[in-house]
Amino acid sequence: MTELERRANEMRSDIVRMIAEAGSGHPGGSLSCADILAALYFGGVLDHDPERPDWEERDRFILAKGHAAPALYAVLAQAGYFPREELLTLRKLGTRLQGHPDSNLVPGVEVSTGSLGQGLSVAAGAAAGLKLDGKPQSVFALLGDGECQEGQVWEAAMFAAHRNLDNLVAVVDRNCLQIDGDTADVCDPGDLAAKFQAFGWDAREVDGHDMAALVEALAAAKADRAGKPHALIARTVKGKGVSFMENQAGWHGKAPNAEQMETALAELAAPSGEESSRG
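- In the nomenclature of an unreviewed UniProt entry, the chain corresponds to Transketolase from the organism Eggerthella lenta.
- The heading Cofactor (unreviewed entry) in the UniProt record of the chain holds the text "thiamine diphosphate".
- Under the UniProt heading Sequence similarities (unreviewed entry), the entry covering the chain gives this text: "Belongs to the transketolase family."

A short note on the sheet that holds strand β1 (residues 60-63)
So, step 1. Read across the open sheet, the five strands follow the order β1-β2-β3-β7-β6; overall the sheet is parallel. Edge positions in the sheet fall to β1 and β6 (202-207), since each of these pairs with one other strand and no more. Shown here is a sheet whose adjacent strand axes are inclined to one another by a mean of 20 degrees, direction ignored.
So, step 2. Of the pairings in the sheet, the one linking β1 to strand β2 (residues 139-144) comprises four bridges and is parallel in character. Among the inter-strand pairings, Arg-60 is bridged to a residue of β2, identified as Val-139.

Some words on the packing of helix α5 (residues 119-132) against helix α6 (residues 151-162)
So, step 1. Viewed as axis vectors pointing N to C, α5 and α6 meet at an angle of 20 degrees, and their least axial separation amounts to 8 Å. Comparing their axes, α6 and α5 come out roughly parallel. The element α5 and its partner α6 pack so that their crossing is left-handed. Taken together, the residues of α6 that come into contact with α5 (itself represented by Leu-120, Ser-121, Ala-124 and Ala-128) are Gln-152, Val-153, Ala-156, Ala-157, Phe-159 and Ala-160.
So, step 2. Across the contact of α5 with α6, the residue classes break down as eight nonpolar, two polar and no charged.

Notes on the packing of helix α3 (residues 34-42) against helix α4 (residues 69-79)
So, step 1. Direction vectors running N to C along α3 and α4 enclose 30 degrees, while the axes themselves pass 10 Å from each other. Classed by the angle they form, the pair α3 and α4 counts as roughly parallel. Remark: the crossing between α3 and α4 carries right-handed chirality. Contacts from Leu-37, Tyr-41 and Phe-42 in α3 reach Ala-71, Leu-72, Val-75, Leu-76, Gln-78 and Ala-79 in α4.
So, step 2. In terms of residue class, the contact of α3 with α4 is built from eight nonpolar, one polar and no charged.

Structural notes on the nonpolar core
So, step 1. In terms of nonpolar packing, the biggest core is built from 59 residues, with Leu-37, Tyr-41, Phe-61, Leu-76 and Phe-82 touching the most fellow members.
So, step 2. Sorting elements by how many residues they give to this core places α4 first, with nine residues.
So, step 3. Among residues more than four places away in sequence, those in contact with Leu-76 are Tyr-41, Tyr-81, Phe-82, Val-106, Pro-107, Gly-108 and Val-109.
So, step 4. With 29 residues, the next largest nonpolar core counts Ala-127, Ala-141, Ala-161 and Trp-201 among its residues.

Describing the environment of Phe-82
So, step 1. Inspection of the secondary structure assignment puts Phe-82 in the loop between α4 and α5.
So, step 2. Aside from chain neighbours lying at most four places away, what touches Phe-82 is Tyr-73, Leu-76, Ala-77, Leu-87, Arg-96, Leu-97 and Val-106.

Details of the UniProt feature "domain: Transketolase N-terminal" (unreviewed entry) in the chain
So, step 1. Mapped onto this structure's residue numbering, the UniProt feature "domain: Transketolase N-terminal" (unreviewed entry) falls at residues 8-263.
So, step 2. Helix and strand shares over residues 8-263 are 38% and 13% respectively, and the end C-alpha atoms of the span are 18 Å apart.

A few points about unusual backbone geometry
So, step 1. Located in the positive-phi region is Asn-164, a residue other than glycine, with phi close to 55 degrees.
So, step 2. Its relative accessible area of 42% is what places Asn-164 among the partly exposed residues.
So, step 3. Its identity is not glycine, yet Cys-176 carries a phi of approximately 70 degrees, on the positive side.

Points about the packing of aromatic side chains
So, step 1. What the rule picks out here adds up to five aromatic pairs.
So, step 2. Arranged with centres 5.9 Å apart and planes meeting at 80 degrees, the rings of Tyr-41 and Phe-61 form a pair that is edge-to-face. Here Tyr-41 is found in helix α3, whereas its partner Phe-61 is found in strand β1, with 20 residues between them in sequence.
So, step 3. Considering the side-chain rings of Phe-244 and Trp-251, the 5.5 Å spacing of their centres and the 65 degrees angle between planes classify their relative orientation as edge-to-face.
So, step 4. Assessed through its relative accessible area of 25%, Phe-244 is described here as partly exposed.
So, step 5. Each residue in the set Trp-154, Phe-196, Phe-199 and Trp-201 is aromatic and connected to the rest through ring pairs, giving one cluster.

Reading the values: rules and limits
Residues numbered from 1 in each chain as written. Predicted model: local features only at pLDDT ≥ 70, side-chain atom pairs only at ≥ 80, totals over all residues. Heavy atoms only, no water. UniProt positions renumbered as here; feature names shortened; annotations may be inferred. Pairing = 2+ DSSP bridges. Helix = DSSP H or I, 4+ residues; strand = E, 2+ residues; numbered from the N terminus. Axes fitted to C-alpha atoms, helices over the stretch in contact; angles between N-to-C directions. Parallel < 35°, antiparallel > 145°, perpendicular 65-115°, else oblique. Left-handed = near helix turned anticlockwise from the far one by under 90°. Contact = heavy atoms within 4.5 Å. Nonpolar A, V, L, I, M, F, W, Y, C, P; charged D, E, K, R; others polar. Core = buried A, V, L, I, M, F, W, Y, C linked by side-chain atoms within 4.5 Å. Buried < 20%, exposed > 50% of the residue type's maximum accessible area, 1.4 Å probe, protein only. Phe/Tyr/Trp six-rings, centres within 6.5 Å; stacked < 30°, edge-to-face > 60°.

Structure (structure tokens):
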């Protein structure tokens, strides 16, 4: 197991723990995007500084699929934005770690998100602002594939291409499931790479659980300033890493009980050959 894979696995364990402790949350889509966030934050792609969350030279990351907040909290805690022990306060009265991320409360959260469809518009606006100010930083946004059923996503896509926002990278967590079932059955988003290309974007597919491929694709998109925004369609597994959650729409927004949590943590500990240190 590589260092990045280890970090992603630890994030998954933290996700399971915090949602089980809260008794509510969204494990499926949080687990599916853990590798993407690990690659972005720890793979040398995102310029950021936990000691200076408002550092002007930072790249921006926006979690458009705000219900996957546990994954964002897990990566921010690992990066040092706040203590990992605080993760177990998820969704509790008085916590900073609400069910959807709040930029007024949590260091490292750029934008309060949760209403699906809006994140890419905010990211495009941030990218446009950086361009107008002559700044070299990049903006990354992580979308859900069910979220791509929202019309506002495609308004933002049209705007970004029109404004030549080559400092914008949209990553779609393509796990093919949403709360009501298979995305193909609810409202089929189809070939998302082809759709983004039709809107004037540079777009490619990537294995969302291949860490080396993710780092390469993210870094390449960030470096490419040829006049087009970039879309990475990351093929992922809903509930990745926990066998009874994988590819199960029912785990979109349901917390594991204590027994299920222990089973999940044991599975997540197995690949590293280590016992869970915080279980």
